[in-house]
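# A closer look at the structure
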Amino acid sequence: MAFIKIQNVVINTNYIAAVKLENQTGSGEKSISILLVTPKFSLFQLESISTNHHHYEWIEFTGQAANALQDYFTSYNNVIDLLPESQESSAV
């Protein structure tokens, strides 16, 4: 289990399901979005019948936070790139 701290947010990396690199906000500002998936714990037995036992939430970072996350998630120490850049456009 690892944690990353970006500004005033600490994220348990075990709960990161996806990262959108090189996004833009509605105003055109560069952003990075992280999809967090956390387990839902029900207080009542009837709620446990639900098939969705997780909570999904996208968190968007801009400015220096986006730059720091871009560096972190594109570092070869943290992420293995399965496709070279020349093949990425044909895979999408």
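Look a little higher up for the structure.
Structural notes, computed from the coordinates. (Residues numbered from 1 in each chain as written. Predicted model: local features only at pLDDT ≥ 70, side-chain atom pairs only at ≥ 80, totals over all residues. Heavy atoms only, no water.)

### As for the packing of aromatic side chains
Spelled out, the test is: Ring pairs are drawn from Phe, Tyr and Trp, using the six-membered ring of Trp, whenever the two centres fall within 6.5 Å, and their geometry is named by plane angle: stacked under 30 degrees, edge-to-face over 60, tilted for the rest. Only protein chains enter the accessibility calculation, which uses a 1.4 Å probe; a residue is then buried when its area is under 20% of its type maximum, exposed when over 50%, and partly exposed in between. In this scheme, Lys NZ or Arg CZ marks a charge over a ring once it lies within 6 Å of the ring centre and within 35 degrees of the ring normal.
What the rule picks out here adds up to one aromatic pair. For the ring pair Y72 and F73, a centre distance of 4.9 Å and an interplane angle of 90° mean the geometry is edge-to-face. According to the relative accessible area criterion, Y72 is partly exposed, its value standing at 29%. Classification of F73 by relative accessible area gives buried; the value is 13%. One cation-aromatic arrangement involves K20 over W58; the distance from NZ or CZ to the ring centre is 4.4 Å.

### A short note on the sheet that holds strand β5 (residues 54–62)
We count it as follows: A pair of strands is labelled paired if DSSP reports no fewer than 2 bridges between them. The way it works is that DSSP assigns letters per residue, a run of H or I at least four long becomes a helix, a run of E at least two long becomes a strand, and they are numbered from the N terminus. Fitting a line to C-alpha atoms yields each axis, with helices limited to the stretch in contact; the angle taken between N-to-C directions then spans 0 to 180 degrees. The contact definition used throughout considers only heavy atoms, calling two residues in contact when any of these lie within 4.5 Å.
The strand order across the open sheet built from three strands is β3-β4-β5, with neighbouring strands paired in antiparallel fashion. Of all strands in the sheet, those with a lone pairing partner are β3 (16–24) and β5, marking the two edges. On average, each strand axis in the sheet is tilted by 20° relative to the strand beside it, whichever way the strands run. Both β3 and strand β4 (residues 30–39) contribute to a ladder of six bridges, which runs antiparallel. The partner of N23 across the bridge, within β4, is S31. Lying over the sheet, helix α1 (residues 63–74) contacts β3, β4 and β5, oriented at roughly 70° with respect to β4.

### Notes on the side chain of S31
Put simply, the test is: Between N or O atoms, a polar contact is any pair within 3.5 Å; within protein, one atom must be a potential hydrogen donor and the other a potential acceptor, and residues adjacent in sequence are included only when both atoms are from side chains.
Note that S31 resides in strand β4. According to the relative accessible area criterion, S31 is buried, its value standing at 0%. Polar contacts involving the side chain of S31 include one to the side chain of E60, which spans 3.1 Å. Those residues in contact with S31 that lie beyond four places of it in its chain are K20, E22, N23, Q24, T25, E60, F61, T62 and A66.

### Brief notes about the nonpolar core
Let me state the cut-off plainly: Remark: nonpolar core denotes a set of buried residues (Ala, Val, Leu, Ile, Met, Phe, Trp, Tyr, Cys) joined through side-chain atoms within 4.5 Å.
Of all hydrophobic cores here, the largest spans 12 residues; its members are I4, I6, I11, I16, I32, I34, L36, F61, A65, A66, L69 and F73. Counting only elements with at least two residues in this core, the list comes to β1 (3–6), β4 and α1. Broken down by element, the residue count for this core peaks at four residues, all from α1. Residues contacting I34, with those up to four places away along its chain left out, are I11, I16, A18, V19, E57, W58, I59, F61, L69 and F73.

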